[in-house]
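Overview (structure and organization)
Here is how the chains run, residue by residue.
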Amino acid sequence: ILLISTLIFSGVAFYLSRVMSKRAMIPIEQAFKRQQVFVADASHELRTPLSVMLSSLDILEMEDQHQNEVSTKMVGNLKEEVKRMTGLVGDLLTLARSDSDDQKISFEVFDLVPISQRAIDSFEAHAHTKNIQLELKSPASIQINGNIERLTQLLYILLDNAIKYSHDSSSISLSLWKESNLIFISVKDTGIGIAAKDLAHIFDRFYRVDKARTRHLGGHGLGLSIAKWIVDIHGGRINVESSVGEGSTFLVKIPYKDSL
Ligand code: ADP
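- The name recorded for the protein chain in an unreviewed UniProt entry is histidine kinase, from Metabacillus litoralis.

This is the structure in structure tokens:
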């Protein structure tokens, strides 16, 4: 009798604990979902006032030119901060959407080479201000099955970082190649590099190495977490090899699949 009642008791306890934990999960999931929706909505709503602020500051800057040194400087600072915030809000929106399952991402087969050339061209002027050489090493064409917008964003994040964390008069190369059914994208710089203790964290949201020293470079620690999400949705992997003072190489591997 003791054995049977112990078995019944533990069976009932097990059943109850399963039911209770399922019940507890529902409000947690709902709260998480609500939080995602809130971040996405808030980010979306913030974009309009920010763009109004930026265009008003542009007008102020034009009208104020050469009239008052202090206000010209303040308008310049405000513009930088508004641009920084616009970038942050855009990144938050991307990540909030990446967390929700209902986001549709369309895939198509396209040539990665012209997309990469265009990304290099877009950064040419920025690189020029630091006298940095940008080069693309690739075959004439590489077909990939992916989302053009997101893969372009991935190239922009990696190139932007490479320039941001490079010394003046250095060089950066974007290389593309294919081995059997794997497509490789590598972005190599000879910049400040990343310490071994930080390597494990740089893909975490809001993680920045030495925040105080790099604040003036802009950025808010979301770029690489977005890059990782983009690689993930393409079924690929992203790795980094780096040594302090020598530079970093980010390597992306994406499998070529006829249908994703
Ligand atoms: P951020 O907006 O700060 O650049 P990211 O998520 O893109 O954010 O990168 C996270 C951190 O990783 C950066 O703050 C920087 O410390 C480091 N990092 C990223 N790319 C490089 C690079 N090419 N060279 C050196 N450090 C880098």
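**Here's the deal with the side chain of Asn-147**
- Turning to its location among the elements, Asn-147 is positioned in the loop between β3 (143-146) and α4 (148-164).
- At a separation of 2.9 Å, a polar atom in the side chain of Asn-147 contacts the main-chain carbonyl oxygen of Ser-106.
- For Asn-147, the side chain forms a polar contact with the main-chain nitrogen of Arg-150, separated by 2.9 Å.

**Brief notes about the site of the ligand**
- Taken together, 20 residues sit near the ligand, with Asn-161, Tyr-165, Asp-189, Arg-208 and Leu-224 positioned nearest.
- Contacts to the ligand include Asn-161, whose side-chain N or O atom sits 2.8 Å from an oxygen atom.
- Between the ligand and His-220, the relevant distance is 3.0 Å, taken from an oxygen atom to a main-chain nitrogen or oxygen of the residue.
- Considered on its own, the ligand offers 530 Å² of accessible surface; in the complex 97% of this is hidden by protein.
- Here the ligand occupies the largest pocket.

**A few points about the confidence of the model for the protein chain**
- Taken over all residues, the pLDDT of the protein chain has a mean of 88, while the share at 70 or more is 87%.
- Taken element by element, the predicted model of the protein chain shows its lowest mean pLDDT in helix α6 (residues 211-214) (66) and its highest in strand β5 (residues 182-189) (98).

**Let's talk about the layout of surface pockets**
- What the largest pocket holds in volume is close to 1100 Å³.
- Taken together, 40 residues make up the lining of the largest pocket; nearest its centre are Asp-160, Asn-161, Lys-164, Tyr-165 and Gly-219.
- Of all elements in the fold, only α2 (69-99), α3 (112-128), α4, α6, α7 (223-233) and β7 (247-255) reach the threshold of two or more residues within the lining of the largest pocket.
- Residue contributions to the lining of the largest pocket peak at seven residues, all from α4.
- When the residues that make up the lining of the largest pocket are grouped by side-chain class, the tally is 17 nonpolar, 12 polar and 11 charged.

**Examining the pattern of salt bridges**
- With the rule as written, the count across this model stands at nine salt bridges.
- In this structure, Arg-205 and Asp-99 form a salt bridge, with 3.1 Å as the shortest nitrogen-oxygen distance. Separated by 106 residues along the polypeptide, Arg-205 in the loop between α5 (196-199) and α6 and Asp-99 in helix α2 bring together distant segments of the chain.
- Take Asp-99: its relative accessible area is 28%, and that puts it in the partly exposed class.
- Residues Asp-160 and Lys-164 are paired through a salt bridge, measuring 3.9 Å at the closest nitrogen-oxygen approach. Taken together, the residues Asp-160 and Lys-164, both in helix α4 and four residues apart, mark about one turn of the helix.
- Via salt bridges that share partners, Asp-58, Glu-61 and Lys-79 belong to a single interconnected network.

Definitions and limits used
Residues numbered from 1 in each chain as written. Predicted model: local features only at pLDDT ≥ 70, side-chain atom pairs only at ≥ 80, totals over all residues. Heavy atoms only, no water. Helix = DSSP H or I, 4+ residues; strand = E, 2+ residues; numbered from the N terminus. Polar contact = N/O pair within 3.5 Å; in protein donor to acceptor, adjacent residues only side chain to side chain. Near = heavy atom within 4 Å. Areas by Shrake-Rupley, 256 points an atom, 1.4 Å probe, with all protein chains shown as cover. 1 Å grid on protein atoms, 1.4 Å probe; cavity = no way out; pocket = protein on both sides within 12 Å on 5 of 7 lines; lining within 4 Å. Sits in = over half its atoms within 2 Å of the grid points. pLDDT = per-residue confidence, 0-100. Points joined across faces, edges and corners; volume = space filled by probe spheres on them. Nonpolar A, V, L, I, M, F, W, Y, C, P; charged D, E, K, R; others polar. Salt bridge = Lys/Arg side-chain N within 4 Å of Asp/Glu carboxyl O. Buried < 20%, exposed > 50% of the residue type's maximum accessible area, 1.4 Å probe, protein only.

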